[in-house]
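# Structural characterization, general
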Amino acid sequence: MRGVMATSVALMACLACGAADAQPQPPSALALTNRAQDLYLEGRARFLAGNFAEAQAAFESSLDAFDSPNTRLYLGRTYARLGRLPEAWATLDRTARDAAARAQQEPRYAPTAAAARAEADALAPQIGRLSVEVSPAPDALAPRPRCA
């Protein structure tokens, strides 16, 4: 037993020395994708439980790791549940456009595009909008040519 412990201690010491010399490596694409998936699942569980502030944080962190229309769809839904309707509409509208474009190559995004478009369209009437119509400026306000 002492031999096993001595070998384990020596191995741990070698690993510690090697770890001190190693430079930190950026996470691989696979690691980021896996982290994003874990955060998406966490956010979805929190969303379904009604914990919308916590769901928002998880979805935003997931999107920081990997941009996914499905995650963005749930983020838009989360903003809507939090009463942040302009952000919800903007997020859902972007999701609908991005998912529709991706569906050209990846048909699995077609339902995401359709759901996001329907939800964005349903929110639109609830959001106040301001339209400004500008008529041409009177001649008196038109810029005058400069003399050299």
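This text follows the structure it describes.
Residues numbered from 1 in each chain as written. Predicted model: local features only at pLDDT ≥ 70, side-chain atom pairs only at ≥ 80, totals over all residues. Heavy atoms only, no water.

### A look at the packing of helix 3 (residues 52-65) against helix 4 (residues 69-81)
Running from amino to carboxyl end, helix 3 crosses helix 4 at an angle of 150°, the nearest separation of the two axes being 9 Å. The angle between the axes of helix 3 and helix 4 places the two elements in the roughly antiparallel class. Between helix 3 and helix 4 lies a crossing of left-handed hand. Seen from helix 3, the contacting residues are Phe 52, Ala 55, Gln 56, Phe 59, Glu 60, Ser 62 and Leu 63; seen from helix 4, they are Thr 71, Arg 72, Tyr 74, Leu 75, Thr 78, Tyr 79 and Arg 81. (Axes fitted to C-alpha atoms, helices over the stretch in contact; angles between N-to-C directions. Helix = DSSP H or I, 4+ residues; strand = E, 2+ residues; numbered from the N terminus. Parallel < 35°, antiparallel > 145°, perpendicular 65-115°, else oblique. Left-handed = near helix turned anticlockwise from the far one by under 90°. Contact = heavy atoms within 4.5 Å.)

### A short note on helix 5 (residues 85-103)
Here helix 5 spans 26 Å end to end across 19 residues, near enough to the 27 Å set by a 1.5 Å rise per residue. By the burial criterion, the buried members of helix 5 are Leu 85, Ala 88, Thr 91, Leu 92, Asp 93, Thr 95, Ala 96, Ala 99 and Ala 103. In this structure, the buried residues of helix 5 make contact with helix 4 and helix 6 (110-123). (Expected span 1.5 Å × (residues − 1). Buried < 20%, exposed > 50% of the residue type's maximum accessible area, 1.4 Å probe, protein only.)

### Here we look at the pattern of salt bridges
As enumerated under the stated definition, the model contains 12 salt bridges in all. The salt bridge involving Arg 97 is made with Asp 93; its shortest N-O contact spans 3.1 Å. Highlighted residues: Arg 97 and Asp 93, both in helix 5, separated by four residues, approximately one helical turn. Accessibility expressed as a relative area gives 48% for Arg 97, which makes it partly exposed. (Salt bridge = Lys/Arg side-chain N within 4 Å of Asp/Glu carboxyl O.)

### Section: the environment of Ala 36
Note on placement: Ala 36 falls in helix 2 (residues 29-48). Take Ala 36: its relative accessible area is 4%, and that puts it in the buried class. Along the primary structure Ala 36 and Ser 68 are separated by 32 residues, whereas in three dimensions their C-alpha atoms are 8.9 Å apart.

### As for the packing of aromatic side chains
In this structure the tally under the stated criterion is five aromatic pairs. Where Tyr 40 meets Phe 59, the ring centres are 6.2 Å apart and the plane angle is 45°; that geometry is what we call tilted. With a gap of 19 residues between them, Tyr 40 in helix 2 and Phe 59 in helix 3 connect regions that are remote in the sequence. The burial state of Tyr 40 is the same as that of Phe 59; both residues are buried. Ring centres of Tyr 40 and Tyr 74 lie 6.0 Å apart, and the angle between their planes is 75°; this geometry places the pair in the edge-to-face category. In this pair, Tyr 40 sits in helix 2 while Tyr 74 sits in helix 4, placing the two residues 34 residues apart along the sequence. Each member of the pair, Tyr 40 as well as Tyr 74, is classed as buried. The rings of Tyr 40, Phe 47, Phe 52, Phe 59 and Tyr 74 are connected pair by pair, giving a single aromatic cluster. Taking NZ or CZ as reference, Arg 77 lies 4.9 Å from the ring centre of Tyr 74, over its face. (Phe/Tyr/Trp six-rings, centres within 6.5 Å; stacked < 30°, edge-to-face > 60°. Lys NZ or Arg CZ within 6 Å of the ring centre and 35° of its normal.)

### Notes on the side chain of Thr 78
Structurally, Thr 78 can be placed in helix 4. Within polar-contact distance, the side chain of Thr 78 engages the backbone oxygen of Tyr 74 at 2.7 Å. In contact with Thr 78, other than residues within four places in its own chain, are Phe 47, Phe 52, Ala 55, Gln 56 and Phe 59. (Polar contact = N/O pair within 3.5 Å; in protein donor to acceptor, adjacent residues only side chain to side chain.)

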